[in-house]
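Structural overview for review
Residues per chain are reported as follows:
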Amino acid sequence: MAEAIKILSGNSNRALTEGIAAYLGLPLTKAQVRRFADMEIFVEIQENVRGKDTFIIQSTSFPANDHLMELLIMTDALRRSSARRITAVVPYFGYARQDRRASGRTPISAKLVSNLITRAGVDRVLTVDLHAGQIQGFFDIPTDNLFAAPVMVRDIKDNLDTRNAMVVSPDVGGVVRARALAKRIDAPLAIVDKRRERAGESEVMNIIGDVSGRSCILVDDIVDSGGTLCNAAEALLAKGAKEVYAYITHGVLSGGAVARIASSKLKQLVITDSIQATESVKAAHNIKVISIAPLMGEAIARTAKEESVSSLFD
């Protein structure tokens, strides 16, 4: 079976791809993904993939448009090389925050991107912690939305005292995700209710639940600017929390987010390697990266063997 699997890497997260390949005990398929002088993308698959089960590992992280185009062009190269099946493994699915029309005359970019991936010739998609579960339905091909929760739970149990832990959702929209993790570690749940009383005024944060004396664990899918996370940590500490940790799947961390988190009251921010960590992330004293390579590798192995992927999370 292993001989029939081909693992390819775009330029978004080579380190994660190498971790996945190591888990599977497979070499990376030789491929060239480079730029012409005018920055057009050129792809050349340098091994025979005819009749093979191929997996492209590529997050659509910064620069999102470049990495998305790499994925599409690699898909086209594989399709024209007679690959038997093409699976796009997209640990971080960009444009997922644009999953509905929040106001008039705006796009639903998540649907557009799913159409592009499908039309390029992808047969199946594997992704992790979609921003909104309904995005699965935007694809007209089989799509598995994996969860980083098992990896996070392992790290929490190894490093924190769960007897005093309380899982906290940083907003009302993330309650389902937070409740699922709270159930796994047998901890109570609290919610940060944030609201803006008037335009131009800062958000007022109310805590639903008694967090006094607790080690609080904020759980979310994406951390971008880090502002909401840092404000939530302050609000929890003001309500008597002992300490605040955050477990977030996708560390987008744009702009001054790393500096903001480093100077915040967060004891530690734990993110996965769904997005390749920058040097500033690696240097930050209170940011830790945990790997989802074994999780992704196992999902790929099961997909190749036509076994259940959802049973990974039972």
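Quick caveat, the model's predicted, so the values are computed rather than measured.

Conventions used here
Residues numbered from 1 in each chain as written. Predicted model: local features only at pLDDT ≥ 70, side-chain atom pairs only at ≥ 80, totals over all residues. Heavy atoms only, no water. Helix = DSSP H or I, 4+ residues; strand = E, 2+ residues; numbered from the N terminus. Rg over C-alpha atoms; globule rule 2.2 N^0.38 Å. Buried < 20%, exposed > 50% of the residue type's maximum accessible area, 1.4 Å probe, protein only. Contact = heavy atoms within 4.5 Å. Lys, Arg positive; Asp, Glu negative; His and termini not counted. Charge placed at Lys NZ, Arg CZ, Asp CG, Glu CD. 1 Å grid on protein atoms, 1.4 Å probe; cavity = no way out; pocket = protein on both sides within 12 Å on 5 of 7 lines; lining within 4 Å. Points joined across faces, edges and corners; volume = space filled by probe spheres on them. Nonpolar A, V, L, I, M, F, W, Y, C, P; charged D, E, K, R; others polar. Pairing = 2+ DSSP bridges. Axes fitted to C-alpha atoms, helices over the stretch in contact; angles between N-to-C directions. Expected span 1.5 Å × (residues − 1).

Okay, the overall build of the protein chain next. Of the regular secondary structure elements, the protein chain holds nine helices and 14 strands. For a compact globule of 314 residues, the expected C-alpha radius of gyration is about 20 Å, and the protein chain comes in at 20 Å, within 12% of that figure. Viewed in the frame of its principal axes, the protein chain has a C-alpha envelope of about 60 × 45 × 35 Å. Looking at the 314 residues of the protein chain, the share that counts as buried comes to 51%. Considering only intrachain contacts with a sequence separation of at least 6, the fraction spanning at least 24 residues in the protein chain is 62%. Measuring between centres, the 39 positive side-chain charges of the protein chain sit 2 Å from its 36 negative side-chain charges.

Glancing now at the layout of surface pockets. Over the atoms rolls a probe the size of a water molecule, and in doing so it shows where empty space is left. Each pocket or cavity is described by its volume, and for the largest pocket that value is around 930 Å³. Breaking the lining of the largest pocket down by element, the ones donating at least two residues are helix H4 (149-159), helix H5 (175-185), strand E11 (215-223), helix H6 (227-238) and strand E12 (243-251). Of all the elements, H5 adds the most residues to the lining of the largest pocket, at six residues. Considered class by class, the residues forming the lining of the largest pocket number 15 nonpolar, 11 polar and 12 charged. Taken as a whole, the second largest pocket spans an internal volume of roughly 480 Å³. If you trace the second largest pocket, you find 28 residues lining it, with Ser 61, Phe 62, Gly 251, Val 252 and Ile 275 closest to the centre. Only helix H2 (64-80), helix H7 (257-262) and helix H8 (279-283) provide two or more residues apiece to the lining of the second largest pocket. A breakdown of the residues in the lining of the second largest pocket according to their chemical character gives 15 nonpolar, 12 polar and one charged.

Taken as a whole and judged by the stated rule, the model has one cavity of 30 Å³ or more. Space inside the largest cavity adds up to approximately 40 Å³. Looking at the largest cavity, the residues that line it are Tyr 92, Phe 93, Ala 96, Val 128, Asp 129, Leu 130, His 131, Asp 221, Ile 222 and His 250. Of the residues assigned to the lining of the largest cavity, the class counts are six nonpolar, two polar and two charged.

Read across the sheet, five strands follow the order E1-E4-E5-E6-E7 without closing on themselves; strand pairing throughout is parallel. Of all strands in the sheet, those with a lone pairing partner are strand E1 (5-9) and strand E7 (143-146), marking the two edges. Averaged over all pairs of adjacent strands, the angle between strand axes in this sheet comes to 20°, irrespective of strand direction. Here strand E6 (residues 124-128) runs beside E7; their pairing, made up of four bridges, is parallel. Paired with Val 125 across the two strands is Thr 143, which belongs to E7.

A few words now on helix H9 (residues 293-304). Taking 1.5 Å per residue as the helical rise, H9 with its 12 residues ought to reach 16 Å, and the 16 Å between its terminal C-alpha atoms agrees with that figure. Among the 12 residues that make up H9, 10 are buried, leaving the element largely enclosed by the rest of the structure. For H9, the complete set of buried residues consists of Ala 293, Leu 295, Met 296, Gly 297, Ala 299, Ile 300, Ala 301, Arg 302, Thr 303 and Ala 304. Downstream of H9 by a residue or two, Glu 306 has a phi angle that is positive, lying close to 60°.

Below, the discussion takes up the environment of Ile 208. With respect to the helices and strands, Ile 208 occurs in strand E10 (residues 204-208). For Ile 208, a relative accessible area of 45% corresponds to the partly exposed category. A sequence separation of 19 residues divides Ile 208 from Leu 189, and the C-alpha atoms of the two residues are 8.9 Å apart.

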